[in-house]
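Here are the chains, one letter per residue:
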Amino acid sequence: MSASIQAPMQPLLSDVDWCPVIDAIEQADRIMLITHCNPDGDGIGAQQALYDFLSATGKQVSMHNRDGVPRIYRFLKHADQVGKGDWSGTQTADLIIALDCGAFGRLGMPESFFAGATLLNIDHHASNKQFGDINLVEARYCATGAMIFDLMLAMQAPLSEASATAIYTAVMTDTASFRLASATPAVYRMAASLIEAGAKPWPITVHVYESRSLAGMQMMTACLSTLEIKNDGRSAWIYVNQDIYRQTGADVEDTEGLIDYARSIDGVEVAVFMRVDEHDSSCWKVSFRGKTWANVGDLAASLGGGGHAYAAGCVLRGSLQQVCEKIQQAVNKVLD
Ligand SMILES: [Mn+2]
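Calculation criteria
Residues numbered from 1 in each chain as written. Predicted model: local features only at pLDDT ≥ 70, side-chain atom pairs only at ≥ 80, totals over all residues. Axes fitted to C-alpha atoms, helices over the stretch in contact; angles between N-to-C directions. Helix = DSSP H or I, 4+ residues; strand = E, 2+ residues; numbered from the N terminus. Parallel < 35°, antiparallel > 145°, perpendicular 65-115°, else oblique. Left-handed = near helix turned anticlockwise from the far one by under 90°. Contact = placed C-beta atoms within 7 Å. Nonpolar A, V, L, I, M, F, W, Y, C, P; charged D, E, K, R; others polar. Pairing = 2+ DSSP bridges. Core = buried A, V, L, I, M, F, W, Y, C linked by C-beta atoms within 7 Å. Buried ≥ 20, exposed ≤ 12 C-beta atoms within 10 Å, placed from the backbone. Domains from an automatic or database assignment.

1. Details of the packing of helix α2 (residues 41–56) against helix α4 (residues 144–154)
α4 packs onto α2 with a crossing angle of 20° between their chain directions and a minimal axis gap of 8 Å. Between α2 and α4, the angle falls in the class roughly parallel. Judged by the twist between their axes, the crossing of α2 over α4 is right-handed. Residue-level inspection shows Asp-42, Gly-43, Gly-45, Ala-46, Ala-49, Leu-50 and Phe-53 of α2 in contact with α4, the latter providing Thr-144, Gly-145, Ile-148 and Met-152. Across the contact of α2 with α4, the residue classes tally to six nonpolar, four polar and one charged.

2. Notes on the sheet that holds strand β9 (residues 270–277)
The strand order across the open sheet formed by six strands is β7-β8-β9-β10-β12-β11, and the pairing between neighbours is mixed. Each edge of the sheet is formed by a strand with only one pairing partner; in this case those strands are β7 (228–230) and β11 (306–307). With seven bridges connecting them, strand β10 (residues 280–290) and strand β12 (residues 311–317) associate as antiparallel partners. Bridging from a neighbouring strand, Trp-284 pairs with Leu-316 of β12. Here helix α12 (residues 320–335) sits on the sheet in contact with β8 (235–240), β9, β10 and β12, set at roughly 160° to β9.

3. Structural notes on the nonpolar core
Membership of the largest hydrophobic core comes to 63 residues, with the highest contact counts inside it found for Leu-33, Ile-97, Ala-146, Ile-167 and Val-171. The contacts of Leu-33, once residues within four sequence positions are left out, are Gln-47, Leu-50, Tyr-51, Val-61, Met-63, Ile-97 and Leu-99. Ranked by size, the runner-up nonpolar core spans 39 residues in total, among them Ala-262, Met-274, Ala-311 and Cys-324.

4. Considering the domain arrangement of the chain
By domain assignment, the chain separates into domain 1 (19–208) and domain 2 (215–335). Using only C-alpha atoms to locate each centre, domain 1 and domain 2 end up separated by 26 Å. Across the contact, nine residues belong to domain 1 and eight residues belong to domain 2. In terms of residue class, the side of domain 1 that touches domain 2 is made up of four nonpolar, four polar and one charged.

5. What about the sheet that holds strand β4 (residues 95–99)?
Taken in spatial order, the six strands make up an open sheet running β3-β2-β1-β4-β5-β6, and their pairing is parallel. Every interior strand has two partners, whereas the edge strands, β3 (82–84) and β6 (134–137), have only one. Neighbour to neighbour, the strand axes of the sheet diverge by 20° on average, direction disregarded. By the bridge criterion, three bridges tie strand β2 (residues 60–65) to β3 in an arrangement that is parallel. Residue pairing in the sheet places Asn-65 in a bridge with Lys-84 of β3. Sheet strands in contact with α2 are β1 (30–35), β2 and β4, and its direction is about 165° off that of β1.

This is the structure we're talking about:
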């Protein structure tokens, strides 16, 4: 045991009013936690941390995501408690908490899922549509997981190893491993508190970034061979079509992080990644990443999507060529 003195935990933001959220939680007996379709580390981490804390308070807590929990996040303690798929039952929760989700449709669940429950929307996307009965949307947070950290402090909840690990995972993935501008000194102080509470940075990193399948690596090779550089070297484009899925046997989870390779090219300001829906060849999920000054959140919004300044996305329909043309016009407006 080292003799180091642990600094007292401090909230990331001291001027956020958590009272409406705390009131809603205290009034509820049965709580359902949900995050967006194709969940990322932030949505899953926030959900896992909140589950760990709320279930310890004696409340009946459950979790359901249309797309479950991606493989790389299944090391989190309560991952196997998350329900998956469509919803045919009757909702028995009196409070549903949507985490890290900017728009109602991105939850991917039918109306019956929400029937009779209060919907609480906790998110950090500036583009959030405020779809909840109660909304706590604060874009100054680097991650929704960081909001759960502040909520737990506001509720004077003890920080367990499981919730610290989940919040660390959320923040690590949404700040590109503490490298984005959103990783402020306060975020690093929070990370120190998480590590003091038992989060282990390297094992978490190995689960999330060092566990690629061989099929996933073959998908990466195929995807990177689609690379095109446009806008005089300032945009980089890659895609995954159905041939690539078929040839490699990889799945949508294996596309995670591929766009970062496009962005990493010297001189590239905007990276574009287009992936076809595995079941619908005319539906393209498009991701954008910005490097220094380009605001891809605005770019995505101009195409009907949303997100953050450095990371955003949208859904477009058509052939690959049609989709490319639509995106090209929007990219030109940002870069030219
Ligand atoms: Mn997020």
